[in-house]
Amino acid sequence: MTAAVRLTELDKWFGEFQVLKKVSIEVSPGEKLVICGPSGSGKSTVVRCIANLEPYEGGALDVLGGEPGAAGRGEVGMVFQQFNLFPHLTVLDNLTLGPIRALGLSRREAEDKAHALLERVKIPDQAAKKPGQLSGGQQQRVAIARALCMEPKVMLFDEPTSALDPEMIAEVLDVMEELAAEGMTMICVTHEMGFAKRVADRIAFMDAGELIEVGTPEQVFTAPKSSRFADFLDKILSH
Amino acid sequence: MKRLFPFAALLLLVGCDSQPGTWGWYVIDPTTKAGWTNVQFLMRGFTSTIQVSMLAAVASIMIGLFVALPSLSPSRWVRLPNRIYVEFVRSIPLLPMLFWVFYGLPVVLKSVGINLNIDPFWGAVITLAISDSAFTAEIFRSGIQSVPHGQSEASQTIGLTKSQAMRYVILPQAVRRILPPLANQFIYIVKMSAFASVIGMQELTRRANELVVTEYRPLEIYSLLILEYLVLVLIISAAVRWLERRMGANER
Ligand SMILES: Nc1ncnc2c1ncn2[C@@H]1O[C@H](COP(=O)(O)OP(=O)(O)O)[C@@H](O)[C@H]1O
Ligand SMILES: [Mg+2]
């Protein structure tokens, strides 16, 4: 089976500064990859390149069998740390905008779909509210539902729980776990190691723009190969 | 001191009158037949002042949006035409531009085979629209740029094209930032439309001038003229505040 996402020696610069240094990794369809690493190591940049939000300068990036921009509209779903919901639209309209405008669904079809997805992320009764009236956890679940409305083949998550109060983290991770159980291909930047243990097929560790190590949760949690990864895990887990 | 100045100016104006020191409110006294006729003559200017201002404002908004769009590009070369237009247009004083459009533009058009007579009304509309569009363009640019970048990124990830993102996500949010300064610009247009009097358009100021020539009562007539503009501007301000409240109520 061909890879859903394949990075081959990906290089990226912000001006003089090299953010990504020959990053190579493959994600198979249905696989769940968790990316972790210290702040500023380039995790967001990797995910943003896959989402076609950033250009890259060297190497190759293959997403669903083509260049990142060549994927169908909404086929690569993205969930941001800051939710990025549309504050002027209701929750329902946040969900239906893409299906109606990008997929050409009728309003009726789009709304049926949206209601079903709100059910799935466990906020069926908030459809008429504006995002600003919801809690952070609810907003992030709306953001997940908004991406799912486009029937993505890959879902990218960039620290989806980092902006949340602790008591709301679980409700978002639960939704992500269910999504994983349904077979979605997922690439998640997160420091929630409990989630990583339960859900990830593989965990990748990045530092200073390099992909240092990739392994299964058992591997990396029992015997990480690099000392940098070991130190990082120590800090995160003791915390 | 500053507050006393208008008073002093008023007294001076009184002094300019043919009968020094007397007030001649009778020229615009609506209880007398002659006064009422004069008031009506002056007030009929509202129609064209409002028409010119509205048309100019609508045109200015359309030109402004069109001019603002390239300014959002990351490419310096795409942004360049926007900068040139804005810098060039806003450096031209209104009066010379009015003369140029009214007297010059028809000649230019004729030389390229278009026979178009520009009357004072359309001359004023075109001039005000172009002159104002440089400011409108800047208002659009800063309003659009005030919407967080994450909004267009989110739009992109749900499959919207750039223009769909602009239309359904960015502009609706930018509008709340754009509307107050745009309203100020409309007030500016209304006031600047007074310049159209010099090319013979029968708006508020022109009518006041004409009446002054026949009645020799500049103080009273120009006082009423100022009041007329004041009323117009107050109405616009109230309308804008109503609109803002309504949009604010929609937001939350
Ligand atoms: N638009 C940008 N311009 C310049 N530097 C950037 C930009 N975005 C990110 N960087 C830099 O690139 C590095 C990696 O950023 P990022 O991928 O966001 O790291 P992470 O998500 O792992 O914290 C950081 O040093 C950051 O300062
Ligand atoms: Mg990040």
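Within an unreviewed UniProt entry, the label attached to chain B reads Amino acid ABC transporter permease, and the organism entered is Aliiroseovarius salicola. Per UniProt, chain B has the following entry under Sequence similarities (unreviewed entry): "Belongs to the binding-protein-dependent transport system permease family. HisMQ subfamily." Comment text from UniProt for chain B, heading Function (unreviewed entry), reads "Part of the binding-protein-dependent transport system for glutamine; probably responsible for the translocation of the substrate across the membrane."

An unreviewed UniProt entry lists chain A under the name Amino acid ABC transporter ATP-binding protein, from Aliiroseovarius salicola. Word for word, the UniProt comment on chain A under Sequence similarities (unreviewed entry) is "Belongs to the ABC transporter superfamily."

A. Here's a closer look at the overall build of chain B. Broken down by element type, chain B carries ten helices and zero strands. When the elements of chain B are put in sequence order from the N terminus, they spell out α-α-α-α-α-α-α-α-α-α. Within chain B, contacts between residues at least 6 apart in sequence are counted, and of these 73% link residues at least 24 apart. With the model as given, the accessible surface of chain B reaches about 14400 Å², and the carbon-plus-sulfur share is 69%.

B. Spatial organisation of helix α2 (residues 33-43) of chain B. For α2 of chain B, every residue scored as buried is listed here: Gly35, Asn38, Val39 and Leu42 of chain B. One side of α2 of chain B holds all its buried residues, which, seen down the axis, span an arc of 100 degrees.

C. Fine view of the environment of Glu109 of chain A. Counting through the fold element by element, Glu109 of chain A comes out in helix α3 (residues 107-120). Measuring from C-alpha to C-alpha, the distance between Glu109 of chain A and Pro99 of chain A comes to 8.9 Å, with ten residues separating the pair along the chain.

D. Just the site of ligand 1, in detail. Residue and element names in this part refer to chain A. The full set of residues close to ligand 1 is Phe14, Phe17, Val19, Pro38, Ser39, Gly40, Ser41, Gly42, Lys43, Ser44 and Thr45. Between ligand 1 and the protein, one listed contact pairs an oxygen atom with a backbone N or O atom of Gly42 at 3.0 Å. Within the side chain of Ser44, a nitrogen or oxygen atom sits 2.6 Å from an oxygen atom of ligand 1. When ligand 1 is considered free in solution it has 560 Å² of accessible area, and contact with the protein chains removes 59% of it. Those elements giving two or more residues to the shell around ligand 1 turn out to be β2 (17-27) and α1 (43-50). Looking at the shell around ligand 1 element by element, the count peaks at three residues for α1.

E. View of the UniProt feature "domain: ABC transmembrane type-1" (unreviewed entry) in chain B. When the UniProt feature table is mapped onto this chain, "domain: ABC transmembrane type-1" (unreviewed entry) is found at residues 46-240 of chain B. Measuring from the first to the last C-alpha atom of residues 46-240 of chain B gives 19 Å, for a span that is 81% helix and 0% strand.

F. Spatial organisation of the sheet that holds strand β1 (residues 5-14) of chain A. All names here are of chain A. The antiparallel open sheet is built from three strands, whose spatial order is β2-β1-β4. Two strands close off the open sheet at either side, each with one partner strand: β2 and β4 (58-63). The sheet shows a mean angle of 25 degrees between the axes of neighbouring strands, taken without regard to direction. Its contacts with the sheet place α1 against β1, β2 and β4, and it is angled at close to 115 degrees to β1.

G. Just the confidence of the model for chain A, in detail. Across chain A, the average pLDDT comes to 95, with 99% of residues at 70 or higher. Mean pLDDT values over the elements of chain A span from 89, in helix α8 (residues 227-238) of chain A, up to 98, in strand β7 (residues 185-189) of chain A.

H. Representation of the packing of aromatic side chains in the model. Residue and element names in this part refer to chain A. Following the criterion strictly, the structure yields six aromatic pairs over all chains and no others. For the pair Phe205 and Phe229, a centre-to-centre distance of 4.5 Å together with 5 degrees between the ring planes defines the contact as stacked. You can see Phe205 sitting in strand β8 (residues 202-207) and its partner Phe229 sitting in helix α8, a full 24 residues away along the chain. This pair shows no difference in class: Phe205 is buried, exactly as Phe229 is.

Conventions we followed
- Residues numbered from 1 in each chain as written.
- Chains lettered and ligands numbered in written order.
- Predicted model: local features only at pLDDT ≥ 70, side-chain atom pairs only at ≥ 80, totals over all residues.
- Heavy atoms only, no water.
- UniProt positions renumbered as here; feature names shortened; annotations may be inferred.
- Helix = DSSP H or I, 4+ residues; strand = E, 2+ residues; numbered from the N terminus.
- Contact = heavy atoms within 4.5 Å.
- Areas by Shrake-Rupley, 256 points an atom, 1.4 Å probe, with all protein chains shown as cover.
- Buried < 20%, exposed > 50% of the residue type's maximum accessible area, 1.4 Å probe, protein only.
- Arc of directions from axis to C-beta.
- Near = heavy atom within 4 Å.
- Polar contact = N/O pair within 3.5 Å; in protein donor to acceptor, adjacent residues only side chain to side chain.
- Pairing = 2+ DSSP bridges.
- Axes fitted to C-alpha atoms, helices over the stretch in contact; angles between N-to-C directions.
- pLDDT = per-residue confidence, 0-100.
- Phe/Tyr/Trp six-rings, centres within 6.5 Å; stacked < 30°, edge-to-face > 60°.

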